[in-house]
Amino acid sequence: MRALAGGPISRLPQLLEAMVTVGSDHDLRRALDRIAENAAALTGARHAAVSLLDEDGDGPGELITHGPSPATEQPAGTFLEVPIQVQGELFGTLCVAGKDGCGGFGDGDLHLVRVLATQAGIAVSNARTHAAARRRRRWIDGTASVTTALLTEPDTRSTTPNALTVVAEQGRDLAEAATGAVLLPHSEGGMEIVAISTVLPEAVRAEAERARIPPQSPAVHQIRAGLAVFSDDFFGDPRSVSPLSRHYGPMMLLPLRSSGRVLGALALCRRPGERRFSHTERTLGTQFAAQAAVALVLADRHRAREQLAVFEDRDRIARDLHDLVIQRLFATGMLLESARRKAQLPEVVEGVGRAVDELDATIQEIRSAIIALQQGPAAVPGLRTRILREAGAATPVLGTRPSVQFVGPVEARLDDEGGRELLAALAKALVGATPSVSAAARPVRTEVVVDALATLPDGRPAVRLTVSAPASTEPLTVWERPL
């Protein structure tokens, strides 16, 4: 205690006041500023500094200084440095330099600085513990929101940009990164970016959307093996062979892996010079990518189940149309045919005949609808549907709906170009079938046949479109295309 008798005891109230002030400050930066200031005041030093290690404890972190730097003083004077640690965990150092007066730092100064260093360690430990808890909660909430978004969105699929963009955006936000991107295997090897979220200029986004990581990249080999790739400097990393690396510094490339299968990768990149990803962030990012992969697989299966339910419902409707509706329409047509044979008045015979024709046309359209139902839903209307629409559009000018009959797998035999040609020929033929003004009061019965099993005179298979001409008893071939 002899070392304290020279003055440290007189500084004890000031030390206690400093500790209370620092302990009540919940802002770590302000707390460390006060510790550096009090360390200089209590020891009579012209300079004090709190030098922290990074979160992982293996690299330089934040530096907080008070007073002029010792390097600017002539001479620098004495120097005293103590570790900042709590329960054996080292957070950095607290140092003072440039003792006022002729004497150097004594044992009393050393004890005071150690007390302040312990207070600094407690402040840093508490702040980092709370920060880590908040960070984990954000990642957990973010992971849950991704899962919810992928499972509740009606058209989500693991291969659609929309679902993958959700993963890229949320990953970028959680990692506090400049760019988040989802990469999938390319058909020619390597990987390509299929979804991206970035705060960088649009030119970088456009470059990324065209970029492809070649198959010889070491990073691709690691991802395919289900291993994450971490880098503190993506541009200077020898494993990087992508021209995009010049835009980034710290980077995480995380496998999207589920049930032992690697679906792709999630890239999270910070700008050059920004802080590197800590061990905790790497762990949380890896867990996020794994959970996102599971969510993508579940979303894909969920949509597959919904599609299966739709297909089953369509099959049921098709069976009902075939077994009930067509049979009833056919029976009604037979009754009308019988009534027409017994009718005496010409106008009754003609009216019943038109009704029978309408029933025949309706049966043909229902059969086409059954085939369309059995083929499943499509993103755009199929050729059969467009043909029926084209025929239906001519009803007002013809006075009655044209009868449309399909023979064979029309949509399977014609490509998009052939379908467009057929529709154009049909529209032209229906315009030619329009009655003249003098005959406009009388409906024109037009029959359309699309035959996908037709044969040309030379024996080649073909698709043929025929439309009945009002003035002719024979159908007119208006378009045909060899296969």
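Within every chain, residues take consecutive numbers counted from 1 along the sequence as written. For a predicted model such as this one, the threshold for reporting local features is a pLDDT of at least 70, and the threshold for listing and counting side-chain atom pairs is 80 or more; totals across whole chains, interfaces and linings nevertheless cover every residue. Remark: hydrogens and water are excluded; side-chain values derive from all non-hydrogen atoms of the structure.

### Considerations on the overall build of the protein chain
Line of reasoning, step 1. Looking only at helices and strands, one finds 12 helices and 14 strands in the protein chain.
Line of reasoning, step 2. Across the 483 residues of the protein chain, 42% fall into the buried class.
Line of reasoning, step 3. The Shrake-Rupley method, run with a 1.4 Å probe sphere, supplies the accessible areas, and residue values consider only the shown protein chains as cover. When the accessible surface of the protein chain is totalled, it reaches about 25800 Å², and 55% of it is carbon and sulfur. Every helix listed is a DSSP run of H or I at least four residues long, and every strand listed is a run of E at least two residues long, numbered separately from the N terminus. For every residue, the accessible area obtained with a 1.4 Å probe (protein chains only) is divided by the maximum for its type, and the residue is called buried under 20%, exposed over 50%, and partly exposed between those limits.

### Looking at the sheet that holds strand β8 (residues 229–231)
Line of reasoning, step 1. Any two strands with at least two DSSP-identified bridges between them are counted as paired. Taking strand neighbours across the sheet as the criterion, the 6 strands line up as β7-β6-β5-β10-β9-β8 in an open arrangement whose pairing is antiparallel. Edge strands, defined here as strands with exactly one partner in the open sheet, are β7 (212–213) and β8.
Line of reasoning, step 2. Contact criterion: two residues are considered in contact whenever any of their non-hydrogen atoms come within 4.5 Å of each other. All axes are obtained by fitting lines to C-alpha atoms, using only the stretch in contact for helices, and the reported angles, taken between N-to-C directions, cover 0 to 180 degrees. Helix α5 (residues 202–210) contacts β6 (191–198) and β7 of the sheet and is inclined by roughly 160° relative to β6.

### A closer look at the confidence of the model for the protein chain
Line of reasoning, step 1. Of all residues in the protein chain, 77% attain a pLDDT of 70 or more, and the chain-wide mean is 78.
Line of reasoning, step 2. Counting interchain partners and residues more than four positions distant, the pLDDT-below-50 stretch residues 1–6 has 6 contacts.
Line of reasoning, step 3. Known as pLDDT, the predictor's confidence for each residue is given on a scale from 0 to 100. This stretch, residues 436–441, has a pLDDT under 50; its non-local contacts, to residues over four places away or in other chains, come to 1 contact.

### Examining the environment of Glu 55
Line of reasoning, step 1. Here Glu 55 shows up in the loop between β1 (45–53) and β2 (60–66).
Line of reasoning, step 2. The exposure class assigned to Glu 55 is partly exposed, which follows from its relative accessible area of 33%.
Line of reasoning, step 3. Discounting residues that sit within four places of it in the chain, Glu 55 has contacts with Arg 128, Arg 135, Ser 278 and Thr 280.
Line of reasoning, step 4. For the purposes of these results, a polar contact is taken to be a pair of N or O atoms within 3.5 Å, where, inside protein, one atom must be able to donate a hydrogen and its partner to accept one; residues adjacent in sequence count only when each atom of the pair is a side-chain atom. Polar contacts involving the side chain of Glu 55 include one to the side chain of Arg 135, which spans 3.2 Å.

### Structural notes on α5
Line of reasoning, step 1. Listed in full, the buried residues belonging to α5 are Val 204, Glu 207 and Ala 208. Burial along α5 is one-sided: seen end-on, the buried residues are contained in an arc of 100°. Every exposed residue of α5 that faces more than 90 degrees away from the buried side is listed here: Glu 202, Ala 203 and Arg 210. The arc in question is formed by the directions pointing from the helix axis toward the C-beta atoms.

### Details of the pairing of strand β10 (residues 261–269)
Line of reasoning, step 1. Where burial is concerned, most of β10 is hidden: 7 out of the 9 residues are buried.
Line of reasoning, step 2. Here strand β5 (residues 179–185) pairs with β10 via 5 bridges, running antiparallel. If you follow Leu 183 over to β10, its bridge partner there is Ala 265.
Line of reasoning, step 3. Sheet topology places strand β9 (residues 251–258) next to β10; 8 bridges connect them, and they run antiparallel. Paired with Pro 255 across the strands is Ala 265, a residue of β10.
Line of reasoning, step 4. Counting the residues that bridge the hairpin from β9 to β10 gives 2 residues, and of these Ser 259 lies at a positive phi of roughly 55°.

### Things to note about the sheet that holds β1
Whenever strands of a sheet pair, they do so through backbone hydrogen bonds, lying parallel or antiparallel.
Line of reasoning, step 1. Across the sheet, which stays open at both edges, the 4 strands sit in the order β2-β1-β4-β3 with antiparallel pairing between neighbours. Two strands in the sheet have a free side with no partner beyond their single neighbour: β2 and β3 (79–86). Pairs of neighbouring strands in the sheet enclose a mean axial angle of 20°, with direction left out of account.
Line of reasoning, step 2. Packed on one face of the sheet, helix α2 (residues 28–43) meets β1, β2 and β4 (89–99) and runs near 145° to β1.

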